[in-house]
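An overview of the molecular structure
Spelled out, the chains give:
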Amino acid sequence: MTLELASLSTTIRRFRKIGIIGIPPLAVIRAANEHNLVIHDLDEPLVREDLEAASPFLPRVYCAILRTAVVNALHLELDAIYVDTGPGKCDCALHTATILAEALPIPVICTRNMDNTGYGTPLCQARHPLLDRMQAITAGVKSAAPYDNPPPVSMPTAGFWGVPPRDFSILTLFPETTHIFGWARCMENKTPADHDLEAQFNPLVPTVFFAQSFCAKTALARYLAKKHPHALYLDVDVHTTGSARAKVQAFLELSGVEP
Amino acid sequence: MILGDFGTSYCKFLDLSTPDPAPTIVATKDLPRDTRVDLATGHNGKRFSARYVNELIALARGGEAMIAEDDYVLLDCGSRDIKFIKYQNNKLADMGWNAECGASMGFTIELLERYYDLDYSTLKVPEQTFSVTCGVLGMSDIFDTVISGVPVAEAVARFVKGIAINAYRFAGSPSRLYLSGGLCDNPLFVGSFPCRVTPLGRFVLLRGLETEARQRRTHTLP
């Protein structure tokens, strides 16, 4: 089922609880906000279920974010799911949408987010614990409201490039003055298909180029890490392993980044 | 102050309070459970000390102390994992720690030596090699090769060479590398690298801990 904007409001008012995978267009979020729908971001771990529950539907060696989305979709009582399958997401999401549409008795609606009006990236450049800022950015996908009282821009001492990780615990290793780049920055800007913005980094600060294992963005992360003069490329699957944690710690400490 | 590098197969210690500190080695399986040190590294280290330095940092600090160059690659091959540090212009340029796909390579080399009663110092570096990415998976290649009629010693030598080449590629295929870990004492392994190798021995991480300990002591002095 594909989205037709003209009938969006008519369609969405029939729902009370929807799930989203990726970032559907603002028109969807705005309509959902107007009708006071509950929005669940299915990309985040929301239910206490083993990821194995996704295995009948997706291969075990697959993006942990989408496996998480499938587990959420199976266990939450939703009225519909909006899945962005445009250039701001990936083919894996498209295939996941196809599978969910057959597996679930609810509409699974594919969108193609081409929003290009930037909301700004204040949280990406603020001084505050990285984990809190990433949580605020991911929570922000459920609202179409502009940002009020943006925090001031900080002087960066490190960079985190990438998507919001499946396991946020890795973010606790970074200093408060870490700037966020990559798709997470596109999320805050509400332009998930802005590939130019996604490819930006600050060559003056040591930067971890992070990607989820088995994600297409691993190629971009590694490519950009090679271009950056002081970078660590890192891919992590479901949980942050001890060696991944140690690599980040060592990279930041040996690069002279103050905790 | 006692320093400890708690590895999978062996633990290495250095007591800085002795006049001429010299490292000692204890097999991990023989280590008393109540062992305590002042500063630890190694994947078992957190159990034995309140102060822990992660292995990559210990390796890097050890390299800084032992290598008098600005550009180098230092590769540590342990029982359980492989890790490397690359410095350019005396600054960190790259690093890696392969604890999953490079798992158990050193452990498997030692296991095979005992199982087949081999002496690695007498084995020649073979012409052929296996494509080895993991100690456990590489064992299948050995068994298949032996079944095909190749002598056990030759099959194991191919396996060891495969491990060396895998580690070399993991470290970025440098023209020269410094080697850390117990495998420095294995001439077959050292000779199997397709580049110049300078073995630094098995106490590089301990040396890194020593550097960290002295820095911390300096920082805490009034």
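Summary of the structure given here. Quantities reported herein were computed from a predicted structural model and do not represent experimental measurements.

Observations regarding the overall build of chain B
- A tally of regular secondary structure across chain B gives six helices and nine strands.
- The C-alpha radius of gyration of chain B comes to 18 Å, within 12% of the 17 Å expected for a compact globule of 222 residues.
- Each of the three principal axes of chain B carries a C-alpha extent, and together these read 70 × 45 × 30 Å.
- In chain B, which comprises 222 residues, the share counted as buried stands at 52%.
- Of all intrachain contacts in chain B linking residues separated by at least 6 positions in sequence, the fraction that spans at least 24 positions is 57%.
- Summed over its atoms, the accessible surface of chain B is roughly 10,600 Å², and 50% of this surface lies on carbon and sulfur atoms.

Some points on the sheet that holds strand S4 (residues 39-41) of chain B
Residue and element names in this part refer to chain B.
- Strands sit in the order S3-S2-S1-S4 across an open sheet of four strands; the sheet is mixed. If you trace the sheet from one side to the other, it starts and ends with strand S3 (24-27) and S4, each paired once. The average angle at which neighbouring strand axes cross in this sheet is 20 degrees, direction not considered.
- When strand S1 (residues 2-6) meets S4, the two strands line up parallel, connected through three bridges. The partner of Leu3 across the bridge, within S4, is Leu39.

The rules we used
- Residues numbered from 1 in each chain as written.
- Chains lettered and ligands numbered in written order.
- Predicted model: local features only at pLDDT ≥ 70, side-chain atom pairs only at ≥ 80, totals over all residues.
- Heavy atoms only, no water.
- Helix = DSSP H or I, 4+ residues; strand = E, 2+ residues; numbered from the N terminus.
- Rg over C-alpha atoms; globule rule 2.2 N^0.38 Å.
- Buried < 20%, exposed > 50% of the residue type's maximum accessible area, 1.4 Å probe, protein only.
- Contact = heavy atoms within 4.5 Å.
- Areas by Shrake-Rupley, 256 points an atom, 1.4 Å probe, with all protein chains shown as cover.
- Pairing = 2+ DSSP bridges.
- Axes fitted to C-alpha atoms, helices over the stretch in contact; angles between N-to-C directions.

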